[in-house]
Amino acid sequence: MKLFLCLTALAALYCAVESRYSPPKVQVYSTKPGLFGDDNILLCHVSDFHPPDITIQLMRNAAELTPANQTDLAFKQNWHFHLTRSVKFKPQEGEEYRCVVKHGSDSAKSYLWDPNV
Ligand SMILES: *[C@@H]1O[C@H](CO)[C@@H](O)[C@H](O)[C@H]1NC(C)=O
């Protein structure tokens, strides 16, 4: 009986957590101002999302920038996750840099880096 109650409570908790779907907030930025031809680091910070099922790509035009670093998946309050992916790059005029985020079963969304921010 106790075991059954425990399992029921666990299932309820699991469902409550799982149903708390939230799309990610995405910020694309660089460590230095976006000067063309200068070594720089492009970062994509993704936060406040649930469930934790996510993939992040940093792109130059249609090609993925590698090798990239990615922080471990971490969560703060309310089971909302955040992580940061970064890659070294040298911005060139006329090229587009973006972060592409695929969360859960949503289709991938892309976020453009603005060199003037
Ligand atoms: C990736 O991580 C390594 C080791 O911590 C560090 O030396 C390197 O600068 C990082 N690269 C980027 C693009 O953050």
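Student: Explain the state of the cysteines here, please?
Tutor: In protein structure, a disulfide is the covalent linkage between the sulfur atoms of two cysteines. All chains considered together, the criterion is met by one disulfide. Sulfur-sulfur distance for the disulfide between Cys44 and Cys99 comes to 2.0 Å. Residues Cys44 and Cys99 are joined by a disulfide whose S-S torsion is about -80°; by sign, that bridge is left-handed. Taken together, the residues Cys44 in strand S2 (residues 40-49) and Cys99 in strand S8 (residues 97-103) connect sequence positions 55 residues apart. The burial state of Cys44 is the same as that of Cys99; both residues are buried.

Student: Can you walk me through the pairing of S8 in this structure?
Tutor: Both faces of the sheet carry side chains from a regular strand, because those side chains alternate between them. Counting buried residues in S8 gives six out of seven residues, a clear majority hidden from the surface. Taken together, the four bridges between S8 and strand S9 (residues 109-112) define a ladder with antiparallel strand orientation. What sits directly across from Val100, in S9, is Ser110. Between S8 and S9, which follow one another and run antiparallel, lie five residues, and Gly104 among them has a positive phi close to 50°.

Student: Looking at this structure, how should I read unusual backbone geometry?
Tutor: With the exception of glycine, the majority of residues adopt a negative phi angle, and the majority of peptide bonds are in the trans configuration. A cis amide bond links His50 with the next residue in sequence, Pro51, at an omega value of 0°. With respect to the helices, strands and loops of the structure, Pro51 is situated in the loop between S2 and strand S3 (54-60). The omega angle of the peptide bond from Thr66 to Pro67 is -5°, so this bond is cis rather than trans. Tracing the backbone shows Pro67 in the loop between strand S4 (63-64) and strand S5 (69-70). Phi at Asp48 is positive, roughly 60°, even though this residue is not glycine.

Student: Can you help me understand the site of the ligand in this one?
Tutor: Within the structure, the ligand sits among Asn69, Ser86, Val87 and Lys88. Between the ligand and Asn69 there is a distance of 2.2 Å, counted from an oxygen atom to a side-chain nitrogen or oxygen. Considering the ligand on its own, with 360 Å² of exposed area, one finds that the protein chains cover 44% of that surface.

Student: Is there a simple way to explain the side chain of Arg85 in this structure?
Tutor: Along the chain, Arg85 falls in strand S7 (residues 81-89). Only 3.3 Å separates the side chain of Arg85 from the backbone oxygen of Ile56, close enough to count as a polar contact. At 2.6 Å, the side chain of Arg85 and the side chain of Gln70 are in polar contact. When neighbours within four sequence positions are excluded, Arg85 is seen to be in contact with Leu42, Leu43, Cys44, Ile56, Gln57, Leu58, Glu64, Ala68, Asn69 and Gln70.

Here is what the cut-offs are and how they apply
Residues numbered from 1 in each chain as written. Predicted model: local features only at pLDDT ≥ 70, side-chain atom pairs only at ≥ 80, totals over all residues. Heavy atoms only, no water. Disulfide = S-S within 2.5 Å. Helix = DSSP H or I, 4+ residues; strand = E, 2+ residues; numbered from the N terminus. Buried < 20%, exposed > 50% of the residue type's maximum accessible area, 1.4 Å probe, protein only. Pairing = 2+ DSSP bridges. Near = heavy atom within 4 Å. Polar contact = N/O pair within 3.5 Å; in protein donor to acceptor, adjacent residues only side chain to side chain. Areas by Shrake-Rupley, 256 points an atom, 1.4 Å probe, with all protein chains shown as cover. Contact = heavy atoms within 4.5 Å.

Read these as layout, nothing more, since geometry by itself doesn't imply function.
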